[in-house]
Amino acid sequence: MTDGTETSADSDRGRADRVAVTGTPGTGKTTATALLEDAYDVIHLNNRIKSDDDLWTERDADRDTLVADLDAVREDLGDWSGVLDSHLAHRFDVDRVVVLRCHPETIESRLRERGESPETAAENAESEALDVILSEAVAEHGAENVYEVDATDRDPEAVADAVRAAIEGEREPSAGTVDFIDYI
């Protein structure tokens, strides 16, 4: 099994114009994409949604989250290019999808440290173990456009480098290379 970080002359697919960096909350998306802001236009979609009442429809009281209006967000994004950072990013029209993965126990710990409820942290950890976002990304964009990055034991710079390699077409697509089912 490989983590998909190998490069070769055959894997040079060229730079993508629109890249989604997605994953379960707590995988490190915002931290990694912040390190890419010097080279790419990065849109931190969750912040954008939170700051504009026209981009969400309701507050989910049980999860204390906003329910995004994806059609309104699409309209707001317009003809964008760059890197879209969000657990929702794979739901948009993109050339490539980078799915950050992280061991569910690590996600649960990170989310609890952020102040999330034990129920929310556990729900996200289970979602990660079940490959929910990966499955959605592959269903929407095809395995040939999805790049998995296991961020569990990588520092943010290494995760950003793996994302950069996917953006630039310097690595092979790698959907299905990370497995956390042992958590269940």
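Everything numeric here is computed off the predicted structure, so don't read it as measured data.

> Just to check I follow, could you spell out the sheet that holds strand β1 (residues 18-22) for this structure?
Either a parallel or an antiparallel arrangement is found when strands of a sheet pair, and the pairing is made through backbone hydrogen bonds. On the basis of which strands lie adjacent, the open sheet formed by five strands has the order β2-β5-β1-β6-β7 and parallel pairing. Strands at the two margins of the open sheet, each flanked by one partner only, are β2 (42-44) and β7 (146-150). Between one strand axis and the next, the sheet turns by 20° as a mean value, whatever way the strands run. Where helix α6 (residues 132-141) meets the sheet, its contacts fall on β1, β6 (96-101) and β7, and the angle it forms with β6 comes to roughly 170°.

> How should I be thinking about the layout of surface pockets in this particular structure?
Once rolled over the atoms, a probe with the size of a water molecule shows which space is left empty. Quantified by volume, the largest pocket comes out at close to 1,400 Å³. The wall of the largest pocket is formed by 45 residues, among which P25, N46, T65, H87 and N124 lie closest to the centre. Among the secondary structure elements, those contributing two or more residues to the lining of the largest pocket are α1 (29-34), α2 (45-50), β3 (56-60), β4 (65-68), α4 (104-113), α5 (118-129), α6 and α7 (156-168). For the lining of the largest pocket, a count of residues per class yields 13 nonpolar, 17 polar and 15 charged.

> What should I look at first to understand α6 in this one?
Owing to its 3.6 residues per turn, the α-helix aligns residues three or four sequence positions apart on the same side. Along α6, the positions that sit buried rather than exposed are I133, L134, A137 and H141. Along the axis of α6, the buried residues cluster in a sector spanning 100°; they form a single face. A positive backbone phi angle near 85° is found at G142, which sits one or two residues after α6.

> Just checking my understanding: could you explain the pattern of salt bridges for this structure?
Oppositely charged side chains can pair when the atoms bearing their charge come close. Tallied over the entire structure, the rule returns ten salt bridges. A salt bridge links R18 to D93; the nearest nitrogen and oxygen atoms lie 3.9 Å apart. Pair noted here: R18 is in strand β1 and D93 is in the loop between β5 (82-85) and β6, with a separation of 75 residues, a long-range link. Judged by relative accessible area, which is 16%, R18 ranks as buried. For E148, the salt bridge goes to R101, with nearest N and O atoms at 2.6 Å. Within this pair, whereas E148 is found in strand β7, its partner R101 is found in strand β6, the two being separated by 47 residues in sequence. For E148, a relative accessible area of 0% gives the class buried. Several salt bridges converge on common partners, so that one network encompasses R101, E128, D131 and E148.

Reading the values: the criteria
Residues numbered from 1 in each chain as written. Predicted model: local features only at pLDDT ≥ 70, side-chain atom pairs only at ≥ 80, totals over all residues. Heavy atoms only, no water. Pairing = 2+ DSSP bridges. Helix = DSSP H or I, 4+ residues; strand = E, 2+ residues; numbered from the N terminus. Axes fitted to C-alpha atoms, helices over the stretch in contact; angles between N-to-C directions. Contact = heavy atoms within 4.5 Å. 1 Å grid on protein atoms, 1.4 Å probe; cavity = no way out; pocket = protein on both sides within 12 Å on 5 of 7 lines; lining within 4 Å. Points joined across faces, edges and corners; volume = space filled by probe spheres on them. Nonpolar A, V, L, I, M, F, W, Y, C, P; charged D, E, K, R; others polar. Buried < 20%, exposed > 50% of the residue type's maximum accessible area, 1.4 Å probe, protein only. Arc of directions from axis to C-beta. Salt bridge = Lys/Arg side-chain N within 4 Å of Asp/Glu carboxyl O.

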